[in-house]
Structure formats: C-alpha cells, structure tokens
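# Secondary and tertiary structure notes
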Amino acid sequence: AQSVTQLGSHVSVSEGALVLLRCNYSSSVPPYLFWYVQYPNQGLQLLLKYTSAATLVKGINGFEAEFKKSETSFHLTKPSAHMSDAAEYFCAVSEAGGGADGLTFGKGTHLIIQP
Amino acid sequence: NAGVTQTPKFQVLKTGQSMTLQCAQDMNHEYMSWYRQDPGMGLRLIHYSVGAGITDQGEVPNGYNVSRSTTEDFPLRLLSAAPSQTSVYFCASSYSGSNQPQHFGDGTRLSIL
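Residues numbered from 1 in each chain as written. Chains lettered and ligands numbered in written order. Predicted model: local features only at pLDDT ≥ 70, side-chain atom pairs only at ≥ 80, totals over all residues. Heavy atoms only, no water.

It is worth spelling out the packing of aromatic side chains at this point. Residues and elements named next belong to chain A. On inspection of all chains with the given rule, the structure shows 13 aromatic pairs over all chains. With 6.1 Å between their ring centres and 50° between their planes, tyrosine 36 and phenylalanine 105 make a pair best called tilted. With tyrosine 36 in strand 4 (residues 31–38) and phenylalanine 105 in strand 10 (residues 104–105), this pair connects stretches of sequence that are 69 residues apart. As far as burial versus exposure is concerned, tyrosine 36 and phenylalanine 105 are alike and both buried. When the centroid spacing of 6.3 Å and the interplanar angle of 90° are considered together, the rings of phenylalanine 90 and phenylalanine 105 count as edge-to-face. Linking phenylalanine 90 in strand 9 (residues 87–95) with phenylalanine 105 in strand 10, this pair joins segments that are 15 residues apart in sequence. Neither residue differs from the other here; phenylalanine 90 and phenylalanine 105 are each classed as buried. (Phe/Tyr/Trp six-rings, centres within 6.5 Å; stacked < 30°, edge-to-face > 60°. Helix = DSSP H or I, 4+ residues; strand = E, 2+ residues; numbered from the N terminus. Buried < 20%, exposed > 50% of the residue type's maximum accessible area, 1.4 Å probe, protein only.)

Attention now goes to the pattern of salt bridges. Enumeration according to the criterion identifies four salt bridges over all chains in this entry. Among the charged side chains, a salt-bridge network with shared partners connects Arg36(B), Asp38(B) and Arg44(B). (Salt bridge = Lys/Arg side-chain N within 4 Å of Asp/Glu carboxyl O.)

With that settled, consider the sheet that holds strand 3 (residues 19–26) of chain A. What holds strands together in a sheet is hydrogen bonding between their backbones, with the strands either parallel or antiparallel. Residue and element names in this part refer to chain A. Spatially, the five strands line up as an open sheet ordered 1-3-8-7-6, and their pairing is antiparallel. Of all the strands in the sheet, just strand 1 (3–7) and strand 6 (56–58) have a single pairing partner and so form its edges. When strand polarity is set aside, the average angle formed by the axes of neighbouring strands in this sheet is 20°. (Pairing = 2+ DSSP bridges. Axes fitted to C-alpha atoms, helices over the stretch in contact; angles between N-to-C directions.)

Turning our eyes to something else, we now look at the environment of Ser98(B). Structurally, Ser98(B) is set in the loop between strand 9 (87–94) and strand 10 (103–104). Accessibility expressed as a relative area gives 0% for Ser98(B), which makes it buried. Measuring from C-alpha to C-alpha, the distance between Ser98(B) and Met32(B) comes to 8.8 Å, with 66 residues separating the pair along the chain. Within the local environment of Ser98(B), its side chain forms a polar contact with the side chain of Ser94(A), the two groups lying 3.0 Å apart. (Polar contact = N/O pair within 3.5 Å; in protein donor to acceptor, adjacent residues only side chain to side chain.)

Residues and elements named next belong to chain B. Counting buried positions over the eight residues of strand 9 gives eight, a clear majority of the element. Burial along strand 9 is two-sided: the face carrying Ser87, Tyr89, Cys91 and Ser93 and the face carrying Val88, Phe90, Ala92 and Ser94 are both buried. Pairing of strand 9 with strand 11 (residues 108–112) involves three bridges; the strand directions are antiparallel. Along strand 11, the bridge assignment pairs serine 87 with leucine 110. Relative to strand 10, strand 9 is paired through two bridges, and the arrangement is antiparallel. By the bridge assignment for strand 10, alanine 92 is matched with phenylalanine 104.

Let us look at the interface of chain B and chain A. With 21 residues of chain B at the interface, the matching set in chain A holds 23 residues. For the pair chain B and chain A, the summed buried area comes to about 1700 Å², and 54% of that belongs to carbon and sulfur atoms. Linking chain B with chain A are zero salt bridges. The interface formed by chain B and chain A holds seven residue pairs in polar contact (both at pLDDT 80 or more) in total. Residue assignment for the side of chain B that touches chain A shows that the elements contributing at least two residues are strand 4 (31–38) and strand 5 (42–51) of chain B. With five residues, strand 5 of chain B is the single largest residue contributor to the side of chain B that touches chain A. Among the residues forming the side of chain B that touches chain A, the class breakdown is ten nonpolar, nine polar and two charged. (Contact = heavy atoms within 4.5 Å. Buried area = accessible area lost by both parts, 1.4 Å probe. Nonpolar A, V, L, I, M, F, W, Y, C, P; charged D, E, K, R; others polar.)

This is the structure in structure tokens:
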C-alpha cells in the first residue's frame, strides 16, 4: 500500500525567501509523484509531476521538486516566495503500471507568505 | 473548453435525504474519479471509473454509489445522507488513469444537518 507524509500542516515564509515543502512517500513499486496546489474555494491544479524521466522536475510558477529514491522524498521548492503563492499544497502518489487505483494524497501543507 | 464541471457548487441536506452530485467533462477522458476533502485529511478516493460501464470502489466508498453510462458523465449518489458525509467533493478526470495529471472540478460543498 502506498502512503504520503507531508511534514508541517502550516509553513510560513517571508516574501522573497526560499519555499521548502516536504513530502515523503512509501510505495511498493516505483511511483508517479505529483504536487498540486489549491487556492481558496477552487479545485486542485497540477504544479508538477515525476514520471521517472528526470529526478529534478520543473513545474509552473517557478516551482520545482527533486525525486530522491534513497530518501523516498519529493520535496517542493521555490527560490523566492511571492504573495500569490499563498495556498494549500498537496503531494500525491500513484503507483506505476495501470494507475487505475486513484491518487493517494498527503494531508496538505498550508503555505503562508509574510509580507 | 469547460474542463470538468461540477454541480451544484453548494448544497445543504437533512439527514436521510438522498441526492446526486453531477460531474461532466468535455475532454474525452476515459478515467474519472470522486474524492472527498475533509480538514486535515487531504483528499480520499471514493469511487473511480476507467471507462463507460466500468466503476470500482476507492478508499471510502460506503454510503455512495456511482454509475458511468457515458464517457462524459460520472454522477455520485448519496443514498441516505449522514452528518459524517459533510465534506467538499471533487470530481477529477484524466486521459487513462491516476498515473497521469488529473483535471479537477471546482468542488461541491455539501452540508448534512
């Protein structure tokens, strides 16, 4: 069975500072990994995905994530936070193969940007 | 291109009532799914479908029913609403499975009194 752990339900950073949101996963097979963002009263939008092509994945809005198999991690980073980055962020995993069993989500991290 | 459309956006029900949450997509996606989002719980899979006529249960299927008669539509039925089903419900679709980026609707906020 697969699972996702996001460390920190709330993360606060100053505008212009580095953003680091942590995600660790467990999976019995090589996984597909995703980061989604949710703005208030909206659905989820894909930030980026890992599908084994490259360990460093670049996404939208300046975000990127690095897949580290030895650490079973897929942390999300952004060099310089912007006020518009304030949102809920979800890490999710799907097992490779048929991929019919749905995504397993972490519990989410609420990113707060301090002016 | 509307993407994934969910209706209604808000609904209040009394315990024991039934209702159907509608989900439609116009991207010709084969894979569709329903999630519920509860505070501090992330999203949990209720039911999913890999194509018309094929559905299966997810992590939290009890109290919900689905059908997939067309590629476009994937309604979620609450058979007898309970307060524990108060949640935000999201429908998602993708070309062929959960290992591909999902397109999410804007959600239905459901309160059961």
